[in-house]
2 protein chains.
Amino acid sequence: MSAHFNQATVIGVGLIGGSIAGVIKARGIAQTVVGVGRNKDNLEVAVRLGLIDRYSQDAKKGVIGSDLVVLCCPVGSFEQVAREIKPYLKDQAVVTDAGSVKGRLVEILEEIFYLKARYVPAHPIAGGERSGAEAADLKLFQGARCILTPTRHTDIQALEAVSDLWEAAGAKVERMDPFDHDRVFGMVSHLPHVAAYAMVGALTKMDGGEDAISYAAGGFKDFTRIAGSHPGMWRDICLLNAGNIKAALDVYIKSLEALRGLIEAGDGDALQAEFEKAKTIRQKIK
Amino acid sequence: MSAHFNQATVIGVGLIGGSIAGVIKARGIAQTVVGVGRNKDNLEVAVRLGLIDRYSQDAKKGVIGSDLVVLCCPVGSFEQVAREIKPYLKDQAVVTDAGSVKGRLVEILEEIFYLKARYVPAHPIAGGERSGAEAADLKLFQGARCILTPTRHTDIQALEAVSDLWEAAGAKVERMDPFDHDRVFGMVSHLPHVAAYAMVGALTKMDGGEDAISYAAGGFKDFTRIAGSHPGMWRDICLLNAGNIKAALDVYIKSLEALRGLIEAGDGDALQAEFEKAKTIRQKIK
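Nothing here was measured: the structure is a model prediction, and the numbers come from that model.

1. Here we look at the overall build of chain A
Secondary structure assignment for chain A yields twelve helices and nine strands. Each principal axis of the C-alpha distribution contributes one length, and for chain A these read about 70 × 40 × 30 Å. Looking at chain A as a whole, 53% of its 286 residues are labelled buried. Taking the contacts inside chain A whose residues are at least 6 apart along the sequence as the reference set, 75% of them involve residues at least 24 apart.

2. Examining the sheet that holds strand β8 (residues 145-148) of chain A
The strands making up a sheet associate through hydrogen bonds between their backbones, and the pairing can be parallel or antiparallel. All names here are of chain A. Spatially, three strands are ordered β7-β8-β9 in an open sheet, and the strand pairing comes out mixed. The sheet terminates laterally at β7 (122-124) and β9 (172-175), the two strands that pair on one side only. Averaged over all pairs of adjacent strands, the angle between their axes in this sheet comes to 20°, without regard to strand direction.

3. Side note on the relation of the copies chain B and chain A
When chain B is fitted to chain A, the best match, at an RMSD of 0.0 Å, comes from turning it 180° and sliding it 0.0 Å along the axis. Taken together, these values place the two copies in the relation of a two-fold axis. Taking C-alpha positions as reference, the residue of chain B nearest the rotation axis is Phe223(B), located at 2.2 Å. Residue by residue, 100% of the interface of chain B is reproduced at the interface of chain A, so both copies engage with the same surface.

4. Details of the sheet that holds strand β6 (residues 118-120) of chain B
All names here are of chain B. The strand order β3-β2-β1-β4-β5-β6 describes an open sheet built from six strands, whose pairing is parallel. Each having just a single partner strand, β3 (54-56) and β6 make up the two edges of the open sheet. In this sheet, adjacent strand axes meet at a mean angle of 25° when their direction is disregarded. In this sheet, β3 lies alongside strand β2 (residues 30-36) in parallel orientation, the contact comprising three bridges. When the bridges of β3 are listed, Gly35 appears paired with Tyr55.

5. Comments concerning the domain arrangement of chain A
Residue and element names in this part refer to chain A. For chain A, the assigned domains read domain 1 (5-176) and domain 2 (180-282). Taking the mean C-alpha position of each, domain 1 and domain 2 sit 32 Å from one another. Listed per partner, the contact involves 14 residues of domain 1 and 13 residues of domain 2. Here the residues of the side of domain 1 that touches domain 2 are counted per class, giving six nonpolar, six polar and two charged.

6. Some details on helix α11 (residues 242-265) of chain A
The end-to-end C-alpha separation of α11(A) is 34 Å, in line with the 34 Å expected for 24 residues at 1.5 Å each. Listed as buried for α11(A) are Asn244(A), Ile245(A), Ala248(A), Leu249(A), Val251(A), Tyr252(A), Ser255(A), Leu256(A), Leu259(A), Arg260(A), Leu262(A) and Ile263(A). Buried positions along α11(A) lie against α7 (178-205), α10 (231-240) and α12 (268-282) of chain A together with α7 (178-205), α10 (231-240) and α11 (242-265) of chain B. One or two positions beyond α11(A), positive phi appears at Gly266(A), with a value near 65°.

7. Some words on the pairing of strand β5 (residues 94-97) of chain A
Two faces belong to every sheet, and in a regular strand the side chains alternate between them. All names here are of chain A. The alternating pattern of β5 places Val94 and Thr96 and Val95 and Asp97 on opposite faces, both of which are buried. Summarising the sheet, strand β4 (residues 68-71) and β5 pair through four bridges and their orientation is parallel. From the neighbouring strand, Val69 faces β5, where its bridge partner is Val95. The β-α-β motif built from β4, the intervening helix α4 (residues 78-85) and the parallel element β5 has right-handed crossover chirality. Across three bridges, the pairing between β5 and strand β6 (residues 118-120) is parallel. By the bridge assignment for β6, Val94 is matched with Arg118. At this point the chain moves from β5, through helix α5 (residues 104-113), to the parallel β6, and the crossover so formed is right-handed.

8. So, helix α1 (residues 15-26) of chain A
Every α-helical turn comprises 3.6 residues, leaving residues that sit three or four positions apart pointing alike. All names here are of chain A. In a regular helix each residue adds 1.5 Å, so twelve residues correspond to 16 Å; α1 covers 16 Å between its end C-alpha atoms and thus fits that length. Of all the twelve residues making up α1, eleven are buried; the element is thus mostly covered by neighbouring parts of the structure. Looking only at α1, the buried set comprises Leu15, Ile16, Gly17, Gly18, Ser19, Ile20, Ala21, Gly22, Val23, Ile24 and Lys25. Contacts from the buried residues of α1 go to β1 (5-11), β2 (30-36), α2 (40-48), β4, β7 and α6 (156-168). A positive backbone phi angle near 65° is found at Gly28, which sits one or two residues after α1.

9. Things to note about the interface of chain B and chain A
Taken together, the contact between chain B and chain A spans 77 residues of the former and 77 residues of the latter. Every element with two or more residues in the side of chain B that touches chain A is listed here: α7, α8 (209-212), α9 (218-224), α10, α11 and α12 (268-282) of chain B. In terms of residues, the side of chain B that touches chain A owes the most to one element, α7(B), which gives 20 residues.

10. Structural notes on the environment of Asp137(B)
With respect to the element layout, Asp137(B) can be found in the loop between β7 (122-124) and β8 (145-148). Through-space distance from the C-alpha of Asp137(B) to that of Ile20(B) is 8.5 Å; in sequence the pair is 117 residues apart.

11. Side note on the confidence of the model for chain A
Per-residue confidence for chain A averages 93 on the pLDDT scale, and 98% of its residues sit at or above 70. Across the predicted assembly, pTM comes out at 0.90 and ipTM at 0.90.

12. A look at the environment of Tyr252(A)
Structurally, Tyr252(A) is set in helix α11. Tyr252(A) has contacts with Leu191(A), Ala195(A), Ala198(B), Met199(B) and Ala202(B), leaving out every residue within four places of it along the chain.

13. Let's talk about the pairing of strand β9 (residues 172-175) of chain B
Residues and elements named next belong to chain B. Inspection of the sheet shows β8 paired to β9 by four bridges, in the parallel sense. In the sheet register, Arg145 faces β9, and the bridge partner there is Lys172. This β-α-β element, β8 to helix α6 (residues 156-168) to β9, shows right-handed connectivity.

14. So, the packing of α7(A) against α7(B)
At a minimum axis distance of 12 Å, the contact between α7(A) and α7(B) shows a crossing angle of 155°. In terms of their interaxial angle, α7(A) and α7(B) are classed as roughly antiparallel. Where α7(A) crosses over α7(B), the two elements pack in a sense that is right-handed. Listed contacts from α7(B) to Met187(A), Pro192(A), Ala195(A), Met199(A) and Leu203(A) of α7(A) are Met187(B), Pro192(B), Ala195(B), Met199(B) and Leu203(B). The residue makeup of the contact of α7(A) with α7(B), split by class, is ten nonpolar, no polar and no charged.

Each value, and the rule that gives it
- Residues numbered from 1 in each chain as written.
- Chains lettered and ligands numbered in written order.
- Predicted model: local features only at pLDDT ≥ 70, side-chain atom pairs only at ≥ 80, totals over all residues.
- Helix = DSSP H or I, 4+ residues; strand = E, 2+ residues; numbered from the N terminus.
- Buried ≥ 20, exposed ≤ 12 C-beta atoms within 10 Å, placed from the backbone.
- Contact = placed C-beta atoms within 7 Å.
- Pairing = 2+ DSSP bridges.
- Axes fitted to C-alpha atoms, helices over the stretch in contact; angles between N-to-C directions.
- Least-squares fit on C-alpha atoms with pLDDT ≥ 70 in both.
- Domains from an automatic or database assignment.
- Nonpolar A, V, L, I, M, F, W, Y, C, P; charged D, E, K, R; others polar.
- Expected span 1.5 Å × (residues − 1).
- Right-handed = clockwise from strand over helix to strand, strands pointing away.
- pLDDT = per-residue confidence, 0-100.
- Parallel < 35°, antiparallel > 145°, perpendicular 65-115°, else oblique.
- Left-handed = near helix turned anticlockwise from the far one by under 90°.

Right under this line is the structure:
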């Protein structure tokens, strides 16, 4: 661990925020860890669990004196929170985040923090069904990927410090262009989530659909597990990565229509060929 | 166990056929169990594992003398196999199956077996990633649902015997109308499978899609696990339940287009409301 901070502030002490706060404390990455959140009970839990030393319900106050700030609040609030905390940040503080969207949002945050703080965009690929500080798990990032999306404006020492942070959490750190990141995750993460929500929604519109749910063994259940995810988070992601998600949806809808056409035509050979191809590709995923 | 058979023939000794053959033998439901299949090595494995007593590679010969015949071959071959074995069946033999499609197929099979054998349509909701007799598991049906779809033509004693068979295998036996069955499974099983195949297929059509697969954590991976299923089986299912699958696809595509429209309009509130609704419904599934 090359970096060492006097004080770190984690904004949003949920599953991700609570877990990274706990890692920062447990590994001595900062001497003091401050939690920021709206829910006082949750912040008290975080103190009791030893994830943070103290807390504030006001982000502005919470960041004062910190040389590391980690945004773990909803990605849809990043811009507003960034504008709000900027005047209170220590000069040259390292600011990073755990948001699922990068791309244009990185440009916006870079502009906000320009000449004030050193922003390093990050996306740890981790999560779970549970939420709140109670769900925090210091092993959450063990073996997970964490994608840093630096730009030509990113401070190299801050980048190293954030890289070290996620490595200390056990993550495998990678780098990617912020716009490539959104294209890739639009395809492999955002599209499947929207598709899962759409499938559950579709079922409610089919005759007898809701009763049919009780027969949802393997197929439907697996397919739609992710529709149990946090609606507010997915709302934010859809709005912030709209372009890539729309493009992915268009290709997906075309694929569905193509299979529908083969079913209508009774073209068994072509259907089987499509299914074989998909199976082969799917088997490449560990 | 009220039913007792002298000889049972299981046509298709894969995961499902091998498992039910093993149950029939282990529970003494029939004195002798004959396996029918094309692959001699697989049939030898079934004998070695004690799932069957002997085998034939010819269905016609395999059914001779049996008072119970279980069709576990691909559902797309049922009609042809039924026509082929009919002249060789013992009079009033009980014929049942383990096919994922019912509806019109039940009518066809009833017509073929009319006045010759007593056909009882069944669909055990079980399966797995592995295939072949080697994968057979006498506990496969433990706690699983098995749906019988009798009609007004179904012989009541044969129905009881088949119900007893699946109960002996540990399944929870239910009854459903054959056409309702196809509508329900078109929604909760066939649609998600087609959707998963389409999603993997879509990825290959997106710019950089195949490279993106390596980032397919949670979302995509869960969503498309079922795209690893047997392509030939799904080809058959798509052809035999085309009407219901097309109808379900239409509603699903409309749902996707509706979400796409909300993303395009940047309507966060409506997106969140849709996601909340889907989450609530999804949570009803155990």
